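# Residue-level structural notes
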Amino acid sequence: MPMPDADQQAMLAAPSPQVILHAIAHPLRRKILGWLKDAIRYFPQQVYGREFGVCAGQIVLRCGLAQSTVSQHLAVLKKAALIEEHKIGPVHFFTRNEVTLQRFTHQLTGLLANPLIATIHQTDEHLPA
């Protein structure tokens, strides 16, 4: 059996649209994605360089919530592959995963353009083999 190429492997490892929809359902998680898109504007005080992304501490400060609460939101975004985490020493940096975001946007556009087809595929997934 041939090995899947890199694109096929990425599709197999990609989170389901339901996981992504759950992740973006919360307004704070949508804000975090927006802030990370324009990190220079929203995190101008970051002491570290920007090559690895925005450090978790800056996101916590911007949210104004407990570190544990923000960490839970970041974990949901990470599980949905909407953000990537880079750990350098004790510091955790986050960036948007533009590949996943673009793939999801494409999927959502297709689902909305063809809702009947999406319903048929969803129903097929629940049928016994």
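A few points on the structure. (Residues numbered from 1 in each chain as written. Predicted model: local features only at pLDDT ≥ 70, side-chain atom pairs only at ≥ 80, totals over all residues. Heavy atoms only, no water.)

A full pass over the atoms with the stated rule returns two salt bridges. A salt bridge links R96 to E98; the nearest nitrogen and oxygen atoms lie 2.6 Å apart. Accessibility expressed as a relative area gives 17% for R96, which makes it buried. Here E98 falls in the partly exposed class, since its relative accessible area comes to 35%. (Salt bridge = Lys/Arg side-chain N within 4 Å of Asp/Glu carboxyl O. Buried < 20%, exposed > 50% of the residue type's maximum accessible area, 1.4 Å probe, protein only.)

Moving on, we come to the packing of aromatic side chains. Taken as a whole, this structure holds two aromatic pairs when the rule is applied. Considering the side-chain rings of W35 and F43, the 6.4 Å spacing of their centres and the 85° angle between planes classify their relative orientation as edge-to-face. Under the relative-accessibility criterion, W35 is labelled buried at 11%. Ring geometry for F52 against F93: centres 5.8 Å apart, planes inclined by 45°, an arrangement best described as tilted. With F52 in the loop between α4 (39-42) and β1 (54-55) and F93 in strand β3 (residues 91-96), this residue pair connects regions lying 41 residues apart in the sequence. (Phe/Tyr/Trp six-rings, centres within 6.5 Å; stacked < 30°, edge-to-face > 60°. Helix = DSSP H or I, 4+ residues; strand = E, 2+ residues; numbered from the N terminus.)

All right, on to the sheet that holds strand β2 (residues 83-88) then. One open sheet accounts for three strands, arranged β1-β3-β2; its pairing is antiparallel. Whereas interior strands pair on both sides, the edge strands pair on one side only; in this sheet they are β1 and β2. Note that β2 and β3 share six bridges and pair antiparallel. Counted as the bridge partner of I83 is R96 from β3. (Pairing = 2+ DSSP bridges.)

Looking at the element boundaries, Q46 is found in the loop between α4 and β1. Within the structure, Q46 has its side chain in polar contact with the backbone oxygen of G53 (distance 3.0 Å). Here Q46 is in contact with G53, V54, C55, Q58 and F93, once residues within four sequence places are set aside. (Polar contact = N/O pair within 3.5 Å; in protein donor to acceptor, adjacent residues only side chain to side chain. Contact = heavy atoms within 4.5 Å.)

Contact geometry for helix α2 (residues 17-25) and helix α7 (residues 98-113): axes closest at 11 Å, N-to-C directions at 105°. One way to sum up the angle between α2 and α7 is to call them roughly perpendicular. Together, P17, I20, L21 and I24 of α2 and T100, F104 and Q107 of α7 make up the contact between the two elements. Taken together, the residues of the contact of α2 with α7 break down into five nonpolar, two polar and no charged. (Axes fitted to C-alpha atoms, helices over the stretch in contact; angles between N-to-C directions. Parallel < 35°, antiparallel > 145°, perpendicular 65-115°, else oblique. Nonpolar A, V, L, I, M, F, W, Y, C, P; charged D, E, K, R; others polar.)

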